[in-house]
Amino acid sequence: MVTQHFETMVVRGKSDEIGAELSNQDASIEDMTGYITRMGGKLRTTLVEGEWVSYTFVVPSHWVGRLYERFLSFGFRAKIEYQSLWYGLVDDA
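Keep in mind that this is a model prediction, so the values were computed, not measured.

Chemist: If you had to explain the nonpolar core to someone new, which residues and values would you point to?
Modeler: Counting 17 residues, the largest nonpolar core has Met-9, Val-11, Ile-36, Phe-57, Val-59, Leu-67 and Phe-71 as its most contacted members. Elements with a minimum of two residues in this core: strand E1 (6-14), helix H1 (24-38), strand E3 (52-60) and helix H2 (64-73).

Chemist: How would you explain the side chain of Glu-7 if you had to name every residue and give the values?
Modeler: Relative to the assigned elements, Glu-7 resides in strand E1. Of the buried charged residues, Glu-7 lacks a salt bridge, with Arg-44 as the closest side chain of opposite charge at 9.3 Å. Within the structure, the side chain of Glu-7 is placed 3.5 Å from the side chain of Ser-61, a separation counted as a polar contact.

Chemist: Just give me the short version of the packing of aromatic side chains, but keep the residues and values in it.
Modeler: Between two aromatic rings, the relevant description is the distance of the centres plus the angle of the planes. Per the counting criterion, the structure on display carries two aromatic pairs. Look at Phe-57 and Phe-71: their rings are 5.5 Å apart centre to centre, the planes differ by 50 degrees, and that puts the pair in the tilted class. Placement of the pair is Phe-57 in strand E3 and Phe-71 in helix H2, with a sequence separation of 14 residues. The same class applies to Phe-57 as to Phe-71, namely buried. An aromatic cluster is built from Phe-57, Phe-71 and Phe-76, whose rings are joined through pairwise contacts.

Reading guide: rules and limits
- Residues numbered from 1 in each chain as written.
- Predicted model: local features only at pLDDT ≥ 70, side-chain atom pairs only at ≥ 80, totals over all residues.
- Heavy atoms only, no water.
- Core = buried A, V, L, I, M, F, W, Y, C linked by side-chain atoms within 4.5 Å.
- Buried < 20%, exposed > 50% of the residue type's maximum accessible area, 1.4 Å probe, protein only.
- Helix = DSSP H or I, 4+ residues; strand = E, 2+ residues; numbered from the N terminus.
- Lys, Arg positive; Asp, Glu negative; His and termini not counted.
- Salt bridge = Lys/Arg side-chain N within 4 Å of Asp/Glu carboxyl O.
- Polar contact = N/O pair within 3.5 Å; in protein donor to acceptor, adjacent residues only side chain to side chain.
- Phe/Tyr/Trp six-rings, centres within 6.5 Å; stacked < 30°, edge-to-face > 60°.

Listed below in structure tokens is the structure:
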């Protein structure tokens, strides 16, 4: 039996557009949430902190590189926890 490993990715965006009509940020996060769900992951939490919104995703470990690149294409820099095997490989590259 193969065990699936997961990593945590955190993405931050401005909250001042939240509540407005669908913004590019909202559409991007909605698109990425669907994509991550199809890959076997999920959106764990959405946290509003002042002017920032943090989205925490749990993603399959073997998709981290591809998801990181896809977030970059939307203008987001995803952060990876330092315990991750991917830390330093995609984060701050």
